[in-house]
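# Descriptive analysis of the structure
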Amino acid sequence: YFIQSNLSLKMPDAKRNCGPEDAIEPPVLSKEFSSSDKAPQKSKTRPDGRKWNELRPLFMKAGIITKAQGSVYLEMGNTKLIAAVYGPKEIVKREEFSLKGKVFCEFKFMPFAKIHYCEPRQNFEEKIISKCICDAMEGVILLERFPKAQVDISVQVIEDDGGVLPLALTAASVAVGNANIEIKDLVVGTTLRFFDAENLLVDPNGEEEHGRHSRILGGAGFHMAILPSLSQISYLKQTGRIEQSQAKDCIETSWEACLRLATGIKKLMKESIEETEEIR
Amino acid sequence: MTSIRLSAAEQKYIIESAECDFRSDGRTCEDYRQIEIETRNLPNTNGSSRCKIGKTEVLVGVKAEVVDVDIHAPTQGRLNISVDCSATASPEFAGRGSETIEQEILSVLNLLYSSIDALNLEDLCIVKGESCWLLNIDVLYIQCGGNLFDAASIALKAALHSTTMPNVSVSGEGIEMELEISDDPYHVWKLKTSMCPICITLYQIGESFAADVSEEEEECSTGYVHVGVLSSGEVSAMEKSGAGNMEPDALLEMIEAAVRIGEHIHQQLDKNLQAECTTATL
């Protein structure tokens, strides 16, 4: 919010008819409606009726993009994303000989995904998230199986209602699995909103993660993605101050939520494989 | 970073010696190379510093300007951090080669300074809802020798500590409001940097981890963690990156080590910056 980055200054888009430079979007001026200004507590139900450690309902459909080798559409509450995998295919840039395959990833918010308009060109934040997904996938894909080849992963967010980054990692790994590319394990991630040991929220929605209520109360946001069968951490990000001992609580709570999500995802993947078998 | 070609034997040597807590230059896994800091070395800035850790040398300059407030945060000033790895630092940084590493360093610095209490942004507001100070922070790498993130964060804290902000007097109201910025070099105020974090980057090498790694050690690592540590010992931000998975116990150990190292560096840094301040005023 408060940091303006050189690389994310608005570039004039020559392909579109843009509004005047000092135009303001209506949502900026509207007063944000917030149900309460008190910190959430474990005992209370959240505004959307969930308990503190309840995940939002998950919907998953694999293989929706028939042209891609692997794809998935994932919905968690109102957060919707789509991931597609093309590959392994011959490497486009033949600069270096490499005994391991390469992974390229592109992450993008659709212009209508958030309340405010997202530029069609990939901005700084999206490039960083692309790199995170790339690193996480490089850690699970058996790259030695396809030397001199590359895998292109594309993740697009259709609607952002909180918990996007770990969900993008999850979608990318499910899509790679759907493409029949050999992986060590699925990558499954969840978000946690941490206030103190007694006040945590697992899988916050958009309002809980970025809303005015969360900005006033401070606390920390915790994104984590794990490899459920190998019991290792694939990705971790924490923003906001916490004590060193609280880091352990965050990791444990997130871990348990990720395992629950992983069971759901494995079950859905198994069903989708059975469906494709039936069609054949 | 610069691509170092290591033979399998060299890699094995580095990994096994890290596991024995004895690195190729004689340091233990938690030791830093000698850190040199110099502040107020750039004359046309409000604050500046130079930090040298081993072969890595970074310059940070802070220039302040008066701008309109951001509509999302009308009572706060702003920071604009930019990172530049020049071609002098390494030949592969010529042209667009440095883009990825610059973005990564920028993302880590933004992560560290994105919380409202890292640097009290309310202090940077001049007139609520109208004008504020924008701090243009430029990080320039003169030489890269491993551990770029930590060097940048230490230099950044030193530069902000040395920053002197001119006093502004407001006269008139509404459209006729005028801001007069004093150019008296002694009529200045300083930023409060007690809550500025330092990034400690720990790389996972083999079964163990190391801080302040050289480029050769970086080649042999599988994954790394950036931990933002405050002088009070709290963790202000954390990010695990790199292709490689970590055991949760290993990660907790790394966080613990990072806090230990971070507190020590903060102590030494604050002591030296204070000493520099007092000699300057004398």
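Residues numbered from 1 in each chain as written. Chains lettered and ligands numbered in written order. Predicted model: local features only at pLDDT ≥ 70, side-chain atom pairs only at ≥ 80, totals over all residues. Heavy atoms only, no water.

So, on to the overall build of chain B. Across its full length, chain B carries 5 helices and 14 strands. Radius of gyration (C-alpha) of chain B: 20 Å, near the 19 Å computed for a compact globule of 282 residues. Dimensions of chain B, computed from the C-alpha atoms along their principal axes, are close to 70 × 40 × 40 Å. Considering chain B as a whole, with its 282 residues, one finds that 55% of them fall into the buried category. When contacts within chain B are restricted to residue pairs at least 6 apart in sequence, long-range pairs at least 24 apart make up 69% of them. (Helix = DSSP H or I, 4+ residues; strand = E, 2+ residues; numbered from the N terminus. Rg over C-alpha atoms; globule rule 2.2 N^0.38 Å. Buried < 20%, exposed > 50% of the residue type's maximum accessible area, 1.4 Å probe, protein only. Contact = heavy atoms within 4.5 Å.)

So, on to the sheet that holds strand β6 (residues 149-159) of chain A. Residues and elements named next belong to chain A. Taken in spatial order, the 5 strands of this open sheet run β2-β3-β4-β6-β5, and their pairing is mixed. Edge positions in the open sheet fall to β2 (58-62) and β5 (102-109), since each of these has one partner strand only. Ignoring which end each strand starts from, the neighbouring axes of this sheet average 15° apart. The pairing of strand β4 (residues 79-90) with β6 spans 9 bridges and is antiparallel. Within β6, the residue paired with valine 85 across the bridge is isoleucine 153. Relative to the sheet, helix α6 (residues 244-279) contacts β2 and β3 (70-76), its axis offset from that of β2 by approximately 35°. (Pairing = 2+ DSSP bridges. Axes fitted to C-alpha atoms, helices over the stretch in contact; angles between N-to-C directions.)

Counting 149 residues, the largest nonpolar core has A:Ile133, A:Met137, A:Ile153, B:Ile105, B:Leu135, B:Tyr141 and B:Leu160 as its most contacted members. The element contributing the most residues to this core is helix α5 (residues 248-281) of chain B, with 11 residues. If we ignore the near neighbours within four places in the chain, the residues touching A:Met137 are A:Val103, A:Ile153, A:Leu169, A:Ala172, A:Ser173, A:Val176 and A:Val187. (Core = buried A, V, L, I, M, F, W, Y, C linked by side-chain atoms within 4.5 Å.)

Along the chain, the position of A:Asp203 falls in the loop between β8 (199-202) and α4 (206-210). Excluding anything up to four places from it in sequence, A:Asp203 contacts A:Arg46, A:Arg50, A:Glu54, A:Leu55, A:Arg56, A:Met76, A:Thr191 and A:Glu208.

Contacts between the two partners involve 45 residues from chain B, matched on the other side by 38 residues from chain A. Interface area, chain B with chain A, both sides summed: about 3,800 Å², of which 58% is carbon and sulfur. On the chain B side of the interface with chain A, the three residues burying the most area are B:Gln103, B:Met238 and B:Asn245, jointly 16% of the side's total. At the boundary of chain B with chain A, the tally comes to 2 salt bridges. Its salt-bridge partner being B:Glu104, residue A:Lys131 comes within 3.6 Å of it at the nearest N-O pair. In this assembly, chain B and chain A are joined by 11 residue pairs in polar contact (both at pLDDT 80 or more). Elements that contribute at least two residues to the side of chain B that touches chain A include exactly β4 (78-85), α2 (99-113), β14 (235-241) and α5 of chain B. It is α2(B) that contributes the most residues to the side of chain B that touches chain A, 8 residues altogether. (Buried area = accessible area lost by both parts, 1.4 Å probe. Salt bridge = Lys/Arg side-chain N within 4 Å of Asp/Glu carboxyl O. Polar contact = N/O pair within 3.5 Å; in protein donor to acceptor, adjacent residues only side chain to side chain.)

Residues and elements named next belong to chain B. One can describe the packing of α2 onto helix α3 (residues 148-162) by two numbers: an axis separation of 10 Å at closest approach and a directional angle of 50°. Our classification of the angle between α2 and α3 gives oblique. Our pair here, α2 against α3, has a crossing hand that is right-handed. Every residue of α3 that contacts α2 at Ile101, Glu104, Ile105, Val108, Leu109, Leu112 and Tyr113 is listed here: Leu148, Phe149, Ala152, Ser153, Leu156, Lys157 and Leu160. (Parallel < 35°, antiparallel > 145°, perpendicular 65-115°, else oblique. Left-handed = near helix turned anticlockwise from the far one by under 90°.)

Below, the discussion takes up the packing of aromatic side chains. Summed over all chains, the structure comprises 4 aromatic pairs over all chains. Of the aromatic side chains, those joined through ring pairs into one cluster are B:Phe149, B:Tyr203 and B:Tyr224. We note A:Lys114 situated over the ring of A:Phe109; from NZ or CZ to the ring centre the distance is 4.2 Å. (Phe/Tyr/Trp six-rings, centres within 6.5 Å; stacked < 30°, edge-to-face > 60°. Lys NZ or Arg CZ within 6 Å of the ring centre and 35° of its normal.)

This part is about the sheet that holds strand β11 (residues 198-205) of chain B. Backbone-to-backbone hydrogen bonds pair the strands of a sheet. The strands run either parallel or antiparallel. What the 8 strands build is an open sheet, ordered β8(A)-β7(A)-β9(A)-β10(A)-β14(B)-β13(B)-β11(B)-β12(B); its pairing is antiparallel. Unpaired on one side and paired on the other, β8 of chain A together with β12 (208-211) of chain B mark the two borders of the sheet. This sheet shows a mean twist of 20° between the axes of neighbouring strands, independent of strand direction. One ladder, built from 5 bridges, connects strand β10 (residues 232-242) of chain A with β14(B); its direction is antiparallel. Of the residues in β14(B), the one forming a bridge with A:Ile242 is B:Val235. Against the sheet, α6(A) contacts β7 (188-196), β8, β9 (220-227) and β10 of chain A together with β14 of chain B, and its axis sits at roughly 140° relative to β7(A). Contacts from helix α1 (residues 8-19) of chain B reach β11 and β12 of chain B, with the element oriented near 115° to β11(B).

Nothing here speaks to function; it is geometry throughout.
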